[in-house]
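# Remarks on the overall topology
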Amino acid sequence: MAYLHRGSVVAVDENYMKMALSLAGRARGRTSPNPMVGAVVVKDDEVVGRGYHRKAGGPHAEILALEQAGDRARGATLYVTLEPCNHTGRTPPCTRAILEKGIAKVVAGMKDPNPAVAGGGLEFLAGHGVETVSGVCEGECRRLNEVFIKYITSATPFVILKCAATLDGRIATATGDSKWITGPRSRHFVHELRNAVDAILVGIGTILKDNPRLTTRLEGMEGMDPVRIVLDTHLSIPPDAQVLHVDSNSDTLIVTGYDISPEKRKAIEQTGARLLTTDCRKGSVDLKALVKALGKMEITSVLIEGGATINGSALRAGIVDKVLLFYAPKLCAGDDGVPICRGPGVRAMRESMRVCDVSVHRFDDDIMIEGYINSH
């Protein structure tokens, strides 16, 4: 069936690329440490093949789309959200399959951000007579794979800080009560976030106060649990904490300091949790050292759902890439509640962190501010 377009070549390319983007998004949270990629094969204004990368180690989007297209791929145009690979990793290079199938033109949304291979796939194809175009819907393609881009260029995870507050900036009352600030739709969205990231991070204060499970709960579907990371410098987590005993498809990782007794370590390790010993500064986990360690573990994205101390520490350490700040239509009407951040802030407004590329989303009466901090 022909795909309708608006007339110009640019509009046609954008429409088919948006189809590929939609396909790629179906695998959100399932491809790490690989990117999300979608592809469509078009012959005579008809889509004859579709595919998307479903999980690391599985077939790439281009291969699936080419297989579906079959003989109709010869002389066709391949639209793919990310430059086809020209190297052998867990799977053979897609460029070879593209040549074998007789594709005449490849339109890529963006070049591969991996510095070691950027541009190589398109150059290889062009050198073998395939017409190539790149940069179609590039902004949308980069946003889709913002996690992969950060990870592949820095070897550290993309870090999202999520926080829910009242309109007067309180994440809890003076008694510590925080249930519930936001409404059901906001909370459902947060579980969708958990379903899409590799790890969720909290401090020991959150464990001691709320005793959370830190799992993904989505009604009507089976979600993926992120790795549960707890910052616990002195390893004071109770052995019966829920986070240590959840029936889950992912691990619990307790980040602690070096000066911990063997008895304490053994008691927690016997629950099945993993311990990660890292550097501490002034009694707190060195967050810059931590994200480097997580990157080596192929954790590509982290969602911070901690309290005020963790929020402030993460922002001051410069590890946060994106903020998601939920504001509910409530007022604590006092200065004795818990603020969004604790710890020393800037002394002058000109020193404050700039949040860029801001967008606003609404969940019933709740408002979510989305914006970027690092490298945007």
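The present account deals with the structure reproduced in this document. Computed from a prediction, not measured in an experiment: that's the story for all the values here.

Our focus in this paragraph is the overall build of the chain. Counting secondary structure elements, the chain contains eleven helices and 18 strands. The C-alpha atoms of the chain give a radius of gyration of 23 Å, which matches the 21 Å a tight globule of 376 residues would have. Seen through its C-alpha atoms, the chain measures out along the principal axes to roughly 65 × 45 × 45 Å. Here the chain holds 376 residues, and the buried ones make up 50% of them. Carbon and sulfur atoms make up 50% of the accessible area of the chain, which amounts to about 18,500 Å² in all. The average position of the 46 basic charges and that of the 44 acidic charges among the side chains of the chain differ by 2 Å.

In this section: the pairing of strand β4 (residues 105-108). Burial along β4 is two-sided: the residues Lys105 and Val107 and Val106 and Ala108 are all buried. Relative to β4, strand β3 (residues 77-80) runs parallel, the two sharing four bridges. Looking across to β4, one finds that valine 80 is bridged to alanine 108. Examined bridge by bridge, β4 and strand β5 (residues 131-134) share four bridges and lie parallel to one another. For valine 106, the partnering residue across the bridge sits in β5 and is threonine 132. For the segment spanning β4, helix α4 (residues 120-127) and β5, crossover handedness is right-handed.

Once that is clear, we can look at the packing of helix α3 (residues 94-101) against α4. The interhelical angle for the contact between α3 and α4, taken along N-to-C directions, is 25°, at an axis separation of 10 Å. As judged from the angle between their axes, α3 and α4 are roughly parallel. Crossing of α3 against α4: the hand is right-handed. When α3 is examined against α4, the residues Thr95, Arg96, Ile98 and Leu99 are found in contact with a partner set consisting of Gly121, Phe124 and Leu125. When the residues that make up the contact of α3 with α4 are grouped by side-chain class, the tally is four nonpolar, two polar and one charged.

So, about the sheet that holds β5. Taken together, five strands build an open sheet; the order of strands is β2-β1-β3-β4-β5 and the sheet is mixed. Both edges of this open sheet fall to β2 (46-52) and β5, since each of them pairs with a single strand only. Averaged over all neighbouring strand pairs, the angle between strand axes comes to 15°, with direction disregarded. The strands touched by helix α2 (residues 61-69) within the sheet are β1 (38-43), β2 and β3, with β2 carrying the most contacts at an inclination of about 140°.

For helix α6 (residues 146-154), the set of buried residues is Glu146, Phe148, Ile149 and Tyr151. Those residues of α6 that are buried are in contact with α5 (138-144), β6 (158-166), α10 (287-296), β15 (322-328) and β18 (366-372). Alanine 155 sits one or two residues past α6 and shows a positive phi near 60°.

Right, let's talk about the packing of aromatic side chains for a bit. In this structure the tally under the stated criterion is four aromatic pairs. Both rings, one in phenylalanine 189 and one in phenylalanine 363, keep their centres 5.0 Å apart while their planes meet at 40°; by these two values the pair is tilted. Here phenylalanine 363 lies in strand β17 (residues 356-363) and phenylalanine 189 lies in helix α7 (residues 184-196), a separation of 174 residues in the sequence. Among the aromatic residues, those joined into a ring-pair cluster are Phe189, Phe326 and Phe363.

Moving on, we come to the nonpolar core. The tendency in soluble globular proteins is for nonpolar side chains to be buried as a group. One finds Tyr16, Met17, Val40, Val41, Tyr79, Ile103 and Val106 to be the most contacted residues of the largest nonpolar core, which totals 44 residues. A total of eight residues in this core trace back to one element, the largest contributor, which is helix α1 (residues 9-24). Ignoring sequence-local partners within four residues, the contact set of tyrosine 79 consists of Val12, Asp13, Tyr16, Met17, Ala20, Gly38, Ala39, Val40, Val42 and Val107. If you look at the next biggest cluster of nonpolar residues, it comprises 34 residues, including Val227, Leu290, Leu315 and Ile319.

Okay, the pattern of salt bridges next. As enumerated under the stated definition, the model contains 13 salt bridges in all. Residue glutamate 46 is joined to arginine 72 by a salt bridge in which the shortest nitrogen-to-oxygen separation is 3.2 Å. With glutamate 46 in strand β2 and arginine 72 in the loop between α2 and β3, this residue pair connects regions lying 26 residues apart in the sequence. With a relative accessible area of 24%, glutamate 46 lands in the partly exposed category. The shortest N-O distance in the salt bridge between arginine 143 and aspartate 357 comes to 2.4 Å. On the criterion of sequence distance, the pair formed by arginine 143 in helix α5 and aspartate 357 in strand β17 is long-range, its members being 214 residues apart. By relative accessible area, which is 46% here, aspartate 357 ends up partly exposed. One salt-bridge network, held together by shared partners, links Arg143, Glu146, Lys322, Asp357 and Glu370.

Structurally, the position occupied by aspartate 225 is in the loop between α8 (204-210) and β9 (227-231). Put simply, aspartate 225 and serine 248 are 23 residues apart on the chain and 6.7 Å apart in space, counted from C-alpha to C-alpha. A polar contact is formed between the side chain of aspartate 225 and the side chain of serine 248, at a distance of 2.8 Å.

Okay, the pairing of strand β10 (residues 252-256) next. The element β10 is largely enclosed, with a buried count of five among its five residues. In β10, alternate side chains face the same way, and those of Thr252, Ile254 and Thr256 on one face and Leu253 and Val255 on the other are all buried. Taken together, the four bridges between β9 and β10 define a ladder with parallel strand orientation. When the sheet's bridge partners are listed, valine 230 is paired in β10 with isoleucine 254. Strand direction decides the pairing type here: β10 and strand β11 (residues 274-277), joined by four bridges, are parallel. In the sheet register, threonine 256 faces β11, and the bridge partner there is threonine 277. Taking the sense of rotation as the criterion, the β-α-β connection linking β10, helix α9 (residues 262-269) and β11 turns out right-handed.

So, how was this worked out
- Residues numbered from 1 in each chain as written.
- Predicted model: local features only at pLDDT ≥ 70, side-chain atom pairs only at ≥ 80, totals over all residues.
- Heavy atoms only, no water.
- Helix = DSSP H or I, 4+ residues; strand = E, 2+ residues; numbered from the N terminus.
- Rg over C-alpha atoms; globule rule 2.2 N^0.38 Å.
- Buried < 20%, exposed > 50% of the residue type's maximum accessible area, 1.4 Å probe, protein only.
- Areas by Shrake-Rupley, 256 points an atom, 1.4 Å probe, with all protein chains shown as cover.
- Lys, Arg positive; Asp, Glu negative; His and termini not counted.
- Charge placed at Lys NZ, Arg CZ, Asp CG, Glu CD.
- Pairing = 2+ DSSP bridges.
- Right-handed = clockwise from strand over helix to strand, strands pointing away.
- Axes fitted to C-alpha atoms, helices over the stretch in contact; angles between N-to-C directions.
- Parallel < 35°, antiparallel > 145°, perpendicular 65-115°, else oblique.
- Left-handed = near helix turned anticlockwise from the far one by under 90°.
- Contact = heavy atoms within 4.5 Å.
- Nonpolar A, V, L, I, M, F, W, Y, C, P; charged D, E, K, R; others polar.
- Phe/Tyr/Trp six-rings, centres within 6.5 Å; stacked < 30°, edge-to-face > 60°.
- Core = buried A, V, L, I, M, F, W, Y, C linked by side-chain atoms within 4.5 Å.
- Salt bridge = Lys/Arg side-chain N within 4 Å of Asp/Glu carboxyl O.
- Polar contact = N/O pair within 3.5 Å; in protein donor to acceptor, adjacent residues only side chain to side chain.

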